[in-house]
Amino acid sequence: MIAQDNPVDGHPSLLFLEEYSTTGHPDNTTKIMALHPQYLESFLRTQYYILRMDGPLPFEHRHYLAIMAAARHQCSYLVNMHINEFLQVGGDSEWLSGLEYIPQKLKNLNEVNKILAHRPWLITKEHIKKLLKPGENSWSLAELVHAMVLLAHYHALASFVFGSGINPEIDQDTSHGFRPPVVSNFCLCSNTNESHVEDVISVHSSPGTSDSVSELEALMERMKRLQEENEEEEASQEEMATRFEKEKKESLMVVTGGRG
């Protein structure tokens, strides 16, 4: 019903069919978005173009970038969804062991991915120039645009998943339980150095993870304490905004000082 009149390049329902071809049924994200049909149509159209249509990036790279982006927010729902997609389009399962197993070209996006996820206002032209610089592992402009769109899209989608309280789909092949992750150890973090899995798929954080994640967690913990205090003493919206900015600046100062 939702997509029966959604043509893509003159092919009715192609968006709908392509979107669900790997699962055979709508996922929970789509079910939530179905409450807003016009938004759902735009969302499905975007997903179709950036993931499935011809473009500069190989299909396995597209899904791996989706995994990298979702992992920055510890969104296991999207991570596991795109593990499935990554493997189904022929992705190398060894890549799922961490950044040290992926091509250097993809690895070079890690820093930009972290900044886009947690402090996007710090992205500068120097980050882009570094990735476009001629060399064995350089990106073409078309490839980089595609990659950045994918990263930004899945950072935003991770927030939608958390904000909507979306849970994993019930396994359609059984009458109970949730569909388990395809690779059980993919979302675990056993090492803390920059070259390993914690920078890609750290759904369960361990002490010593990346600066960006530690910074975000510290900031969220401070905000949680403020919220608990405000249950007894209600603060104005302006005061809360001032407190948030103060906490954010303190967090940035700690990270900057630690890197100096």
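All of these numbers come straight from a predicted model, not from anything done at the bench. (Residues numbered from 1 in each chain as written. Predicted model: local features only at pLDDT ≥ 70, side-chain atom pairs only at ≥ 80, totals over all residues. Heavy atoms only, no water.)

> Hey, could you go over the environment of Leu109 for me, with residue numbers and the actual values?
Tracing the chain through its elements places Leu109 in the loop between α6 (104-107) and α7 (110-118). Taking C-alpha positions, Leu109 is 10.0 Å from Ile128, a pair spaced 19 residues apart along the chain. Ignoring sequence-local partners within four residues, the contact set of Leu109 consists of Leu65, Leu131, Trp139, Leu144 and Ala147. (Helix = DSSP H or I, 4+ residues; strand = E, 2+ residues; numbered from the N terminus. Contact = heavy atoms within 4.5 Å.)

> Go over unusual backbone geometry with me, naming the residues and quoting the values.
A positive phi angle is found at Gln74, which is not glycine, with a value near 55°. Locating Gln74 in the fold gives a position in the loop between α4 (59-72) and α5 (76-88). On the basis of relative accessibility, which here comes to 25%, the residue Gln74 falls in the partly exposed class. (Buried < 20%, exposed > 50% of the residue type's maximum accessible area, 1.4 Å probe, protein only.)

> Account for the packing of α4 against α7, naming residues and giving values.
Packed helix pairs are characterised by how far apart their axes lie and by the angle those axes make with each other. At a minimum axis separation of 9 Å, α4 and α7 run at an interaxial angle of 45°. Between α4 and α7, the interaxial angle falls into the category oblique. Viewed along their axes, α4 and α7 form a crossing whose handedness is right-handed. Packed against α4, whose contacting residues are Met68, Ala69 and Arg72, the element α7 presents Asn110, Asn113, Lys114, Ala117 and His118 at the interface. (Axes fitted to C-alpha atoms, helices over the stretch in contact; angles between N-to-C directions. Parallel < 35°, antiparallel > 145°, perpendicular 65-115°, else oblique. Left-handed = near helix turned anticlockwise from the far one by under 90°.)

> Describe the packing of α7 against helix α9 (residues 141-164), with residues and values.
Their axes nearest at 10 Å, the elements α7 and α9 cross at an angle of 40°. Judged by the sense of rotation from one axis to the other, the crossing of α7 with α9 is right-handed. The residues of α9 that touch α7, namely those facing Val112, Asn113, Leu116 and Ala117, are Met148, Leu151 and His155. Taken together, the residues of the contact of α7 with α9 sort by class into five nonpolar, two polar and no charged. (Nonpolar A, V, L, I, M, F, W, Y, C, P; charged D, E, K, R; others polar.)

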